[in-house]
Structures are given as structure tokens and as C-alpha cells.
Amino acid sequence: MPQLPAPDYPAEVRARLEADAKEVIARYPGSRSALLPLLHLVQAEEGHVTRTGIRFCAELLDLTTAEVTAVATFYSMYRRGPSGDYQVGVCTNTLCAVMGGDAIFETLQKHLGVGNGGTTEDGKVTLEHIECNAACDFAPVVMVNWEFFDNQTPESAKRLVDDLRAGRTVEPTRGAPLCTYKETARILAGFPDPRPGAVEATGGAGPASLVGLRLAKGEAVPGAGSADHVVPQRGAVPAEGEAAGRAPGEAPATHPSSHDAPRETSASDPAHPSPAAPDGGASPRGDSASGPTAEEGE
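Residues numbered from 1 in each chain as written. Predicted model: local features only at pLDDT ≥ 70, side-chain atom pairs only at ≥ 80, totals over all residues. Heavy atoms only, no water.

Caption draft 1: A look at the confidence of the model for the protein chain. Considering every residue of the protein chain, the mean pLDDT works out to 80; 73% of them sit at 70 or more. In the model, residues 226-230 has pLDDT below 50 throughout and makes 11 contacts with residues more than four positions away in sequence or in other chains. Contacts of residues 253-261 to residues separated by more than four positions or lying in other chains number seven contacts, the stretch itself having pLDDT below 50. (pLDDT = per-residue confidence, 0-100. Contact = heavy atoms within 4.5 Å.)

Caption draft 2: A look at the packing of aromatic side chains. The tally for this structure, following the rule as stated, stands at three aromatic pairs. Between Phe74 and Tyr75, the ring centres sit 4.9 Å apart and the planes meet at 80°, which makes this aromatic pair edge-to-face. An aromatic cluster is defined as three or more aromatic residues linked by ring pairs; in this entry it consists of Phe74, Tyr75 and Tyr78. A cation over an aromatic ring shows up here: Arg174 above the ring of Phe148, its NZ or CZ 4.1 Å from the ring centre. (Phe/Tyr/Trp six-rings, centres within 6.5 Å; stacked < 30°, edge-to-face > 60°. Lys NZ or Arg CZ within 6 Å of the ring centre and 35° of its normal.)

Caption draft 3: Just the sheet that holds strand S1 (residues 86-91), in detail. The strand order across the open sheet formed by four strands is S2-S1-S3-S4, and the pairing between neighbours is mixed. The open sheet has two edge strands with one neighbour each: strand S2 (125-130) and strand S4 (147-149). Between one strand axis and the next, the sheet turns by 25° as a mean value, whatever way the strands run. In this structure, strand S3 (residues 142-144) lies alongside S4, joined through three bridges in antiparallel fashion. Bridge pairing in S4 links Met143 to Phe148. (Pairing = 2+ DSSP bridges. Helix = DSSP H or I, 4+ residues; strand = E, 2+ residues; numbered from the N terminus. Axes fitted to C-alpha atoms, helices over the stretch in contact; angles between N-to-C directions.)

Caption draft 4: Structural view of the nonpolar core. Counting residues in hydrophobic clusters, the biggest one holds 24 residues, and the most contacted among them are Leu35, Leu38, Leu39, Leu41, Cys57, Leu61 and Val68. Within the residue set of this core, elements represented by two or more residues are helix H1 (11-25), helix H2 (35-46), helix H3 (51-61) and helix H4 (65-72). Residues within four places of Leu35 in sequence aside, it is in contact with Cys57, Leu61, Leu63, Val68 and Val71. Counting 19 residues, the second-largest nonpolar core is a separate cluster that includes Phe105, Val114, Val161 and Val170. (Core = buried A, V, L, I, M, F, W, Y, C linked by side-chain atoms within 4.5 Å. Buried < 20%, exposed > 50% of the residue type's maximum accessible area, 1.4 Å probe, protein only.)

Below is the structure:
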């Protein structure tokens, strides 16, 4: 059966959310671009995106509720139903899975008595499996309200959720101090984190990522052996002594990489010009005629 129109927020809640929403909308040249942060804003109010929240976003952005619903249901960070204060996500993508993520997820399901997307009876923890969070060198990774808990085991993950449910202080491996899901949603809406030290807290990439970054930049890595295997950046000239057995300024013996190879085109390869179109215009491939026509050759 068709649903009745969603109820509105209470007057005082509506006034407060409107003031926040107008601040968000003012950041964008087109109001529709504010939809994503506004969805986080209404999620911060009730813990998930309700029909009332969808109506609110639609009215302020001059959209239909169908348009707002299409966006809210597309992104997994927007919850469609009530959930816990702490979203515990276990990465089960390839590397985390083989490093123990699958075992952690199975253990937590049994320990908490919930399935994927389920919430504990006390309303504290919602458990879900999540896709890659670009922290493979810390695998297996668990995230709580999008903060990292690295190098987890089934036992450490059990202690983590037990501490969350008991209200004990839990510190992420790196990043800002943990806060509730509603507080996280408000931060994602674009409002500052008022907690002392929260903004300054950060977490860098792991050692494996940093080594990979240095290799990608063409830098020699101590202990990696000969630097000849390092792919130099396009146009870079190796420094003196950088590669064993290579004179200063001498290019490596092998070509840097296929994607950096110069491509022969009609403009750069006179021996293979583009064929002229019959009318003297562009060739059938879309190239401009750069070689002599048959008539000119005669």
C-alpha cells in the first residue's frame, strides 16, 4: 500500500536542522551538490536516514523525495534503518580475508549473536563486513565508525566489541579519538569536531605503503639491492651513483614502462602518415591528412 507522506520534524528540531543545512548549502554554487552532506546531517539526528530526513532534504534542495531516496540508497554509508552507536566493520576483501578477516567476522557474529548488518540488543554495536579500506599493510583491519583498528585477531576484536558495549574508552590504532556514529555523521556533514585534540590526531601510511611510494617515485630503497629495477619517473635523469654500473646521466638499459613509451603517430612518424580522405579532409580514422595525396605524389 502507498505510504502516507512522512511526518515533519518537531518545530525546534526543524529550526535547528534548517540553520545547519543553510550553512552547508551556502558552500556550494549549486544547491543540489549539498545533498550528500545533508544526508549525513539528518543521519546525525536519528542515526539513520529516515523518511522524515529524506523529506527534509528534498524540501530544502527543491528535489523530489524519489531523487533523494535514489542517492540515499546508493551509498552504503547512509543507514536505512536503526543501528548501533558503533558501526563495527570487518574488512573481508581479498588481503584482509586471507590474513584473518573472515575468521574475525565469523568470530564476532557468534560472539555478538548477530548476522551481517545486525545490531546487538543493547543498541551499542552494529556488525557488518566491509570492502577494502586501503589499509592492506595493516591487514586484517577492523573499522569502528570509520576509525582504524589495525592488525586485528579474533581475540583482539572480541575485546574491542566488549569494551564498546561496556562503555570503556577505546583508542583507534591511528586517527581521531572514537566518537558515536551520530557524532561521526555530523563531522562527515562538514561540521568541525569540537573535541580537544581530535583535529590534530592523525594516522599515516604503514611502512609497506611508504616503501611502495618510494619505489613508485623512482627512489632507491635501502636494502632493496640494485636500483636498476626501480622505474624512474618520466623524463627523470638518475643522479650520479644512483644505479650501480651506470654512468652519471645514462638512461637505464630497459625501457621505463609500456605506458611511458612514446607512441608513433602520423605526426611523429613521417614514414607512416595518415591516409588522406577522398575529399582531402580528415581521414576515415578521424586523423588529419598529414602525408602527400596520391595526386600530389604523381
